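Secondary and tertiary structure notes
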Amino acid sequence: ASTTLGSGVTSTATTLSFSTTNRGDRWSQTSAYDVLIAGERIGIPVGGMSASSGSGPYTQTATGVTRSKNGVVKAQAAGAEIHVATPGRWGL
């Protein structure tokens, strides 16, 4: 909920900079997952996310991403919110 795009990117960029203000919202380095940025679904591959750096905000770099998985093709602006595309659900 606290992650934004650290810098703007073109519609074909495959390296994205994430900026997270909440330490608990850092992104996994060991799983593949999809994120949504301004309506575009982007795939992060296993090992594609760097370790976090900084002491708040925390920065991470995603490399080798798959853009436009849902057909939305667009440049992305710095500060755009980043969310998990398919949030997990837990129950007891």
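The model shown is predicted, which means the values in this text are computed figures rather than measured ones.

Side note on the pattern of salt bridges
Where side chains of opposite charge bring their charged atoms close, a pairing between them can arise. Taken as a whole and assessed by the stated rule, the structure comprises three salt bridges. The salt bridge involving arginine 41 is made with aspartate 34; its shortest N-O contact spans 2.7 Å. Note on aspartate 34: relative accessible area 14%, which makes it buried. One salt bridge connects glutamate 40 with arginine 67, and the closest N-O pair in it is separated by 2.8 Å. One end of the pair, glutamate 40, is in strand S4 (residues 40–44); the other, arginine 67, is in the loop between strand S5 (58–63) and strand S6 (82–84), and 27 residues separate them in sequence. Ionic contacts of the salt-bridge type, sharing partners, join the residues Asp34, Arg41 and Lys69 into one network.

Points about the nonpolar core
Counting 16 residues, the largest nonpolar core has Leu16, Phe18, Val35, Ile37 and Ile44 as its most contacted members. When residues of this core are traced back to their parent elements, those giving at least two are strand S2 (15–20), strand S3 (33–37) and S4. Top contributing element to this core by residue count: S3, with three residues. Beyond its immediate stretch of four places on either side in the chain, phenylalanine 18 contacts Thr3, Thr4, Gly6, Trp27, Val35, Ile44, Met49, Tyr58, Thr59, Gln60, Ala62 and Ile82.

The rules we used
Residues numbered from 1 in each chain as written. Predicted model: local features only at pLDDT ≥ 70, side-chain atom pairs only at ≥ 80, totals over all residues. Heavy atoms only, no water. Salt bridge = Lys/Arg side-chain N within 4 Å of Asp/Glu carboxyl O. Buried < 20%, exposed > 50% of the residue type's maximum accessible area, 1.4 Å probe, protein only. Helix = DSSP H or I, 4+ residues; strand = E, 2+ residues; numbered from the N terminus. Core = buried A, V, L, I, M, F, W, Y, C linked by side-chain atoms within 4.5 Å. Contact = heavy atoms within 4.5 Å.

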